[in-house]
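Chain and residue survey
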Amino acid sequence: MAKTVLAVDDSSSLRQMVAFSLKAAGYHVIEAVDGQDGLEKARNQTVDLVLTDQNMPRMDGLSLIKLLRGMANYQKVPILMLTTESGDEMKAQGRAAGANGWLVKPFDPQRLIEVVKKVIG
Amino acid sequence: MTIDMSQFFQVFFDEAEELLAEMERLLLAVDVAAPDAEDLNAIFRSAHSIKGGAATFGLSDMTEVTHILESLLDTIRKGELALTIQHVDAFLSSKDILKMQLDGHRHGATVDQDTVADVRMLLQSLLQDSLSNAVVPVPSVSTATSQENAAGAVHCFRIELPQVAQRDVDALATELGLLGQISTAPLDGKRFVLTLTTTESVSDIVAICSFVLDPDELKITEQAIPAGSATGDINGEEQGYGFFQPLEQIRNNAKTDEERGYGFFAPFVPNGGGQTAVGAEAARPAADQTRHAPPIEATEVNINEKKTPVRRESDKAGAAESSSIRVSIEKVDQLINLVGELVITQAMIEQRSDGLDPMLHERLLSSVSQLTRNTRDLQEAVMSIRMMPMDYVFSRFPRMVRDLAGKLGKKVDFITHGAATELDKGLIERIVDPLTHLVRNSIDHGIEMPAARAAAGKSESGRLFLSAGHQGGNIVIEVSDDGGGLNRERILAKALQQGLPASDAMSDSEVWQLIFAPGFSTAEAVTDVSGRGVGMDVVKRNITAMGGTVDIRSAKGFGTTMSISLPLTLAILDGMSVKVGDEIYILPLGFVTESLQPAPDDIKQISGQGCVVKVRGDYLPLIPLYQMFDITPRFTDPSAGIIVILEADGKKAGLFVDDLVGQQQVVVKNLESNYRKVAGISGATILGDGGVSLILDVSALLRSSQQLGLESAFT
């Protein structure tokens, strides 16, 4: 059965690219337009992996990760940050918030699929 | 598997365009002295998103510009640099070049690389200034607690362990691995040394180690960070991704507890952060698990296959994503065209059923009338798809007004009204240029310099209104300023000087119309902005070509209002059908003021100039339509036929036809794209009986009627 990935990004082109690539690779993808939306969508269903952007209106990626980690069924779900900032500070913040890893933008679809495969098979 | 990225280009282009527009809107609204933090964030986010997308789609020129822009915005957003008007100007210029680059990628438009280089240099220099002037936060003194340190600097610790069992070393390595990047190396055969790159503090390391060994036996020293190493990246660093924990651990956590219940190993491994609660016993199975990862893989597959019917909900949630869709304009136009055909077919059916006996065919006739209603509703609904809010045009002006006013040293308050008013997409695109010209004129010629305004007892800031609203079947767009108004004397003097027919006896509105004459300009100095004599006639021509009209209202000292009236759509037209001989022509109803049958005495022949008709004391030129198109009419005597009085471009004339047929809505078919341009004809339509009828270009007709008169004067 296809695994579900929650893709959170305010940029619709990026989000559609992520969704399209992962769908092509056989995953089920739920899209969310910002942290708030991501949180609501995560609350209503089970997902196997969360991919989130950092810089978003309403709620940023770090806040989303912290809130997800506070939810009983999201304590162990892998969360990867998709970020243009690959600086140490951002990584440290991501780790502190509870992310499991990061993927720097820009990335090509193959790279994304490769990383997602590594994490959830 | 290869994935074609080009399919997302269009989405990115649209998105980037929206983001740029949003960025500009925010920049124009920003209060430089006290910028709103949320606005700065939003501006930053726009630049950031464009950068992300541009980088993903390989548009490196845009990535480069947004990168500098983003860096600069970031320092301002963080309060490290105060926002100045220079910044806003530079940001606006960057928006312009980004738009130019975007158009370059999108439509193959030319990109002026010099401008790009200039703006980049400007941004760079501002960024340099920011780096040298920035309020550098004082680094906190070495007593940082682990909390403060968590999001801070990266350290590399060398941890010399005392002599402990191998399994304890493994357990510690796993646990400390949660803090960052760890490596284990033997020290002297029996002991081990761990190297940990982390953002956590020494005390955290000691706390974790204390579960396994006596902290006093530990020797922790800080080392220089090895080049290329970053916090907690287990692997994939060069590939642009990384994980904060061993992959196996993330993967095992990924299984739900329920799945885990089926599994072979189920040690509970808490995720990062809960180190203090973890003892050596808990850590050991975690390490074991790492070594046994492959078998888990195998079981995972089986388990997953058994558990299928779970995912309903999420499908539904995904489907309820968006309430609007993007459709190409071609599809919409095709739809409109098809509805147009349907309207014609419906009219044919209606006309053919007219002669039927209502008693015998009652049910057919009631169906036909229902079809008529449905067709009309369908037509309205489909036409509304092409409608766009005037905001599409209005939103361009705040920036232009700001730049112009700045350039001219004037103060202008810009106010829009009715931005939600909708207009056909085809018209909205064509109204941009004329409107831009009028707004420019208002700022350049209309609104006075602050000192002059103050002297006249007005506020220093001029007011410029841009409004749109419906009036009957038309949309009326007005550009209004509270400036000096048009100068009647100067316009008249200039008109006479240029040999235009002008006299003191002309009414104000006639005088105002003079400014639409080609080459007319009263501006004393030709400014950089306007007043070069090209323009108003072009404005007028463009609007007339759209089937619209321009009116001017002006009062000296109080301001000027330019009022543009446009039909709501170009695809359907309210027409008056007239008959000459066997032909039926359509006159756009907007140009028809009245129709009458003149008395023979009211027709006067002017030698060599054709005929005129007297209407309530005024003599109007008479255009015999049969002569224009060289057809045999039923009547050659105007008093036997009908005169339709037409008005366009401030000119009036009487069109002599055989008969009026009626008034009806017609679907306009473009003659140019189906045949070729024909002088005096603006299009064609299909009538209810299936016949084709030509739609007359009234403005052209009025113009050529004067030529006709001149020609006959020479022959």
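Along each chain, the written sequence defines residue order, and numbers are assigned to residues from 1. Written order determines the labels here, with chains lettered from A and ligands numbered from 1. This being a predicted model, a pLDDT of at least 70 is required before a residue's local features are given, and a value of 80 or more before pairs of side-chain atoms are given or counted; all residues contribute to the totals for chains, interfaces and linings.

**Details of the overall build of chain A**
Counting its regular elements, chain A contains five helices and five strands. Taken from N to C terminus, the helices and strands of chain A fall in the order β-α-β-α-β-α-β-α-β-α. Taken over 121 residues, chain A has a buried fraction of 64%. For every residue pair, C-beta atoms are placed from the backbone, and the pair is scored as a contact if these atoms sit within 7 Å. Long-range contacts, defined as pairs at least 24 residues apart, comprise 60% of the intrachain contacts of chain A with a sequence gap of at least 6. Labels follow the DSSP assignment, with helices taken as runs of H or I lasting at least four residues and strands as runs of E lasting at least two, numbered in each case from the N terminus. Labels follow a simple rule on C-beta atoms placed from the backbone: if 20 or more others lie within 10 Å of a residue's own, it is buried; if 12 or fewer, it is exposed; otherwise it is partly exposed.

**Here's the deal with the sheet that holds strand S2 (residues 28-32) of chain A**
One requirement defines pairing of two strands: DSSP has to find at least two bridges between them. Strand order in the open sheet formed by six strands is S2(A)-S1(A)-S3(A)-S4(A)-S5(A)-S5(B), with mixed pairing between adjacent strands. At either end of the open sheet lies a strand with only one pairing partner, and these are S2 of chain A together with strand S5 (241-243) of chain B. The average undirected angle you get between the axes of adjacent strands in this sheet is 15°. Relative to strand S3 (residues 49-53) of chain A, helix H3 (residues 61-69) of chain A is tilted by about 155°, and along the sheet it contacts strand S1 (4-8), S3 and strand S4 (79-83) of chain A. What counts as an axis is a line fitted to C-alpha atoms, over the stretch in contact for a helix, and the angles between N-to-C directions run from 0 to 180 degrees.

**Let's talk about the confidence of the model for chain A**
For every residue, the pLDDT score states the predictor's confidence, bounded by 0 at the bottom and 100 at the top. Mean pLDDT over chain A stands at 86; residues scoring 70 or higher make up 98%. Taken element by element, the predicted model of chain A shows its lowest mean pLDDT in helix H4 (residues 88-97) of chain A (81) and its highest in S1(A) (92).

**Re the nonpolar core**
For soluble globular proteins, nonpolar side chains are generally found buried alongside one another. Val5(A), Val50(A) and Val116(A) are the most contacted members of the largest nonpolar core, which totals 80 residues. The biggest single contributor to this core is helix H3 (residues 60-77) of chain B, with seven residues. The domain limits used here are those given by an automatic or database domain assignment. Of the residues that make up this core, three or more belong to each of domain 1 (5-132) and domain 2 (146-293) of chain B. Look past the residues within four positions of Val116(A) in its chain and what remains in contact with it is Val5(A), Leu22(A), Tyr27(A) and Leu49(A). Think of a nonpolar core as buried Ala, Val, Leu, Ile, Met, Phe, Trp, Tyr and Cys residues, each tied to the set through C-beta atoms within 7 Å. By size, the runner-up hydrophobic cluster in this structure holds 39 residues, among which are Val401(B), Phe414(B), Ile475(B) and Val539(B).

**What about the pairing of strand S17 (residues 610-615) of chain B?**
Residues and elements named next belong to chain B. Looking at chain direction, strand S16 (residues 603-606) and S17 are connected through four bridges and run antiparallel. Its bridge partner being in S17, isoleucine 606 is matched across the sheet by glycine 610. Between S16 and S17, which pair antiparallel one after the other, the connecting turn spans three residues, and glycine 608 there sits at a positive phi close to 75°. In this structure, S17 lies alongside strand S18 (residues 618-624), joined through four bridges in antiparallel fashion. Residue valine 615 lies in a different strand from S18, and its bridge partner there is aspartate 618.

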